[in-house]
Amino acid sequence: MHLPNHLGCYMKFNANYIHELNWKRNFLFKKVKIFTKYFLKYAIAIRGEKKLQPSSIKNVLIIRNDLIGDMIATTGLIRNLYLSGYNIHVSSKQQALEIIKHNPYIKSVIIYNDDTIKNLIRTIWHTRKYKFDLAIECKPSQLINIKNLMYYRLLRTRFLLGFNRNRFKIFTNSIYYDVSSHHITKQLEQILLSLGIKDYDELYYEVFINNEINTFAISQLPTKSFIVLNPFGSHPHRCLNPNQINNIIQILLSYGFYIVLIDENQTININHERVIPFNSRGILDIIPVVKNAYLVISVDTSIVHIASAFNKKSIAFYLDPPPQYLTYFENKELLKDKLSHDVYKFEFRLKYNISETDADSIREFFPITRIYWNPNNPMAKQIIFYNYENIGLIPQNYFIEKFKQSLDELLDT
């Protein structure tokens, strides 16, 4: 049976229309589900804005619940707040607190543990024993984390200051700052300015140890000039592969250097009298090694920042992959793709608590690693690998060429 052409077209049109309605309904349900997912997090975040009153502030909590490198980069802020008359307390995870264990500018530290709800409750209960005048969240922006929100919400502090949090009412005060093309120290300067502090230094980094740590480390070091090599980062994609490590070692040996190898997991087996594995008990043991080195080579920003504290010659490897958030602005033509992308944008804005929808505005809230975390050291060379997401996958010839170029430039200075 053959249908008239106009009837067949009508049925085809009707079927497409039904499909479109189904897509719109399904994507609407997805939006509702996403909103429900984030609703509790936003409900917890309700507090209220206050005018910051620096003259009434004495006890300050620096919230740095992240990694060791972040903490080292914050030492300049801690020092300047202390020298401006504030009592400084610091909240962070145990491994990051270790690097400031001997910092003379800090009155007390609070271990932030959110591994389990029970540990989080203990952390909050302990923190509430303090009565802070001001708590400062130092991150430029972050994903909405319900555990962090509970911690912020239940702090006993009159003022809670953060960056780019004007839409997030758990913060009583927010500093707007475009972090996309600035170093972390430039962002942290804004905290000092918000407190009316104008007489401050360049927020250089400082790390401190005691005599026992220094003696332990020095006893393992060669008496001749040596180079520190740290081939492993905190994430797998930042770790050098065995061929890259071996090539670097062979190049350094050809220059006649001794090499002190930072390999906490003891995975590298190089049998050479001038390659010395360092036996480390923790991050503080690394400080004297870096301090006494001729040159530091590292993929890990925490060791790069330790080297910066001593203005050491350094070679730092950085990845600069395409920003994932820019897919948020890709043009879509088909209705189904448009609806799917609209849901993606909806969740993106809720996840990052961002209202703007154009690429330039969104970019302001995302630091660029090679800029935001650059060594902050005139004696350092950055080797930046653009459009790579894993340093171990970089072609060997290209990797070695970039390394030798930076090494020769530093040896000539």
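Since we're looking at a predicted model, the values are computed, not measured.

A. The pattern of salt bridges, seen in detail. A full pass over the atoms with the stated rule returns 11 salt bridges. Three or more residues are tied together by salt bridges with common partners; here these are Arg64, Asp66 and Asp70.

B. Structural detail: the layout of surface pockets. A volume near 150 Å³ is recorded for the second largest pocket. Together, Glu202, Tyr204, Tyr205, Ser308, Ala309, Asn311, Asn376 and Pro378 line the second largest pocket.

C. Here's a closer look at the sheet that holds strand S8 (residues 258–261). Taking strand neighbours across the sheet as the criterion, the six strands line up as S9-S8-S7-S10-S11-S12 in an open arrangement whose pairing is parallel. Two strands in the sheet have a free side with no partner beyond their single neighbour: strand S9 (275–277) and strand S12 (380–386). Strand-to-strand twist in this sheet, taken as the mean axis angle between neighbours without regard to direction, amounts to 20°. Of the pairings in the sheet, the one linking S8 to S9 comprises three bridges and is parallel in character. Among the inter-strand pairings, Val260 is bridged to a residue of S9, identified as Ile276.

D. Geometry of the pairing of strand S10 (residues 295–298). Neither face of S10 is left uncovered, since the one carrying Leu295 and Ile297 and the one carrying Val296 and Ser298 both have all their residues buried. Judged from the four bridges that link them, strand S7 (residues 226–230) and S10 form a sheet pairing that is parallel. Following the sheet pairing, Val228 is matched in S10 by Val296. In the sheet, S10 pairs with strand S11 (residues 314–320) via three bridges, with the strands oriented parallel. Its bridge partner being in S11, Ile297 is matched across the sheet by Ile315. Between the parallel elements S10 and S11, the chain passes through helix H11 (residues 301–309) in a crossover that is right-handed.

E. Just the packing of aromatic side chains, in detail. For the coordinates displayed, the defined rule picks out 14 aromatic pairs. Between Tyr176 and Phe365, the ring centres sit 6.4 Å apart and the planes meet at 75°, which makes this aromatic pair edge-to-face. On the criterion of sequence distance, the pair formed by Tyr176 in the loop between strand S6 (173–175) and helix H7 (184–194) and Phe365 in the loop between helix H13 (359–363) and helix H14 (369–372) is long-range, its members being 189 residues apart. By relative accessible area, Phe365 is classed as buried at 8%. Three or more aromatic residues joined by ring pairs make a cluster, and in this case those are Phe317, Phe385, Tyr398, Phe399 and Phe403. Taking the ring centre of Tyr204 as reference, the NZ or CZ of Arg79 above it sits at 3.7 Å. The ring of Phe216 is capped by Arg281, whose NZ or CZ atom sits 3.7 Å from the centre of that ring.

F. Representation of the sheet that holds strand S2 (residues 87–92) within the structure. With parallel pairing, six strands are arranged side by side in an open sheet as S3-S2-S1-S4-S5-S6. Each edge of the open sheet is held by one strand with a lone partner, namely strand S3 (108–111) and S6. When strand polarity is set aside, the average angle formed by the axes of neighbouring strands in this sheet is 20°. Where strand S1 (residues 59–63) meets S2, five bridges bridge the pair, whose relative direction is parallel. Residue Asn59 lies in a different strand from S2, and its bridge partner there is Asn87. The sheet contacts of helix H3 (residues 75–83) involve S1 and S2, and relative to S2 the element is tilted by about 155°.

G. Examining unusual backbone geometry more closely. One non-glycine residue with positive phi stands out, namely Leu203, at about 55°. Here Leu203 lies in the loop between H7 and helix H8 (211–218). On the basis of relative accessible area, Leu203 is assigned to the buried category, the value being 1%. Here the phi dihedral of Asn376 falls at roughly 55°; this positive angle occurs in a residue that is not glycine. Here Asn376 lies in the loop between H14 and S12. Taking relative accessible area as the criterion, Asn376 reaches 30% and is therefore assigned partly exposed.

H. Spatial organisation of H7. Within H7, the full set of buried residues consists of Ile184, Thr185, Gln187, Leu188, Glu189, Ile191 and Leu192. Its buried side turned inward, H7 meets helix H2 (68–73), H3, strand S4 (132–137), strand S5 (157–163), S6 and H14. Trailing H7 by a residue or two, Gly196 shows a phi angle of about 80°, which is positive.

I. Broad picture of the packing of helix H9 (residues 242–254) against helix H15 (residues 396–411). Closest axis-to-axis distance for the H9/H15 pair is 11 Å, and the angle between their directions is 35°. Considering only the axes of H9 and H15, their crossing is right-handed. Seen from H9, the contacting residues are Asn243, Gln244, Asn247, Ile248, Ile251 and Leu252; seen from H15, they are Gln396, Phe399, Ile400, Phe403, Lys404 and Leu407. Across the contact of H9 with H15, the residue classes break down as seven nonpolar, four polar and one charged.

J. The arrangement of the confidence of the model for the chain in detail. Of the residues in the chain, 88% reach a pLDDT of 70 or more, and the chain-wide mean stands at 86. Considering each helix and strand of the chain separately, the mean pLDDT is smallest for helix H1 (residues 5–44), with a value of 66, and largest for H3, with 98.

K. How the structure looks around H15. Counted at 1.5 Å a residue, the expected span for H15 with its 16 residues is 22 Å, and the 22 Å between its end C-alpha atoms agrees. Among the residues making up H15, those that are buried are Phe399, Ile400, Phe403, Ser406, Leu407 and Leu410. Taken end-on, H15 shows its buried residues confined to a sector of 135°, consistent with a single buried face. When the buried face of H15 is taken as reference, the exposed residues oriented beyond 90 degrees from it are Asn397 and Glu401. Summarising the contacts, the buried residues of H15 are in contact with H9, S10, S11 and S12.

Basis of the calculations
- Residues numbered from 1 in each chain as written.
- Predicted model: local features only at pLDDT ≥ 70, side-chain atom pairs only at ≥ 80, totals over all residues.
- Heavy atoms only, no water.
- Salt bridge = Lys/Arg side-chain N within 4 Å of Asp/Glu carboxyl O.
- 1 Å grid on protein atoms, 1.4 Å probe; cavity = no way out; pocket = protein on both sides within 12 Å on 5 of 7 lines; lining within 4 Å.
- Points joined across faces, edges and corners; volume = space filled by probe spheres on them.
- Pairing = 2+ DSSP bridges.
- Helix = DSSP H or I, 4+ residues; strand = E, 2+ residues; numbered from the N terminus.
- Axes fitted to C-alpha atoms, helices over the stretch in contact; angles between N-to-C directions.
- Buried < 20%, exposed > 50% of the residue type's maximum accessible area, 1.4 Å probe, protein only.
- Right-handed = clockwise from strand over helix to strand, strands pointing away.
- Phe/Tyr/Trp six-rings, centres within 6.5 Å; stacked < 30°, edge-to-face > 60°.
- Lys NZ or Arg CZ within 6 Å of the ring centre and 35° of its normal.
- Contact = heavy atoms within 4.5 Å.
- Left-handed = near helix turned anticlockwise from the far one by under 90°.
- Nonpolar A, V, L, I, M, F, W, Y, C, P; charged D, E, K, R; others polar.
- pLDDT = per-residue confidence, 0-100.
- Expected span 1.5 Å × (residues − 1).
- Arc of directions from axis to C-beta.

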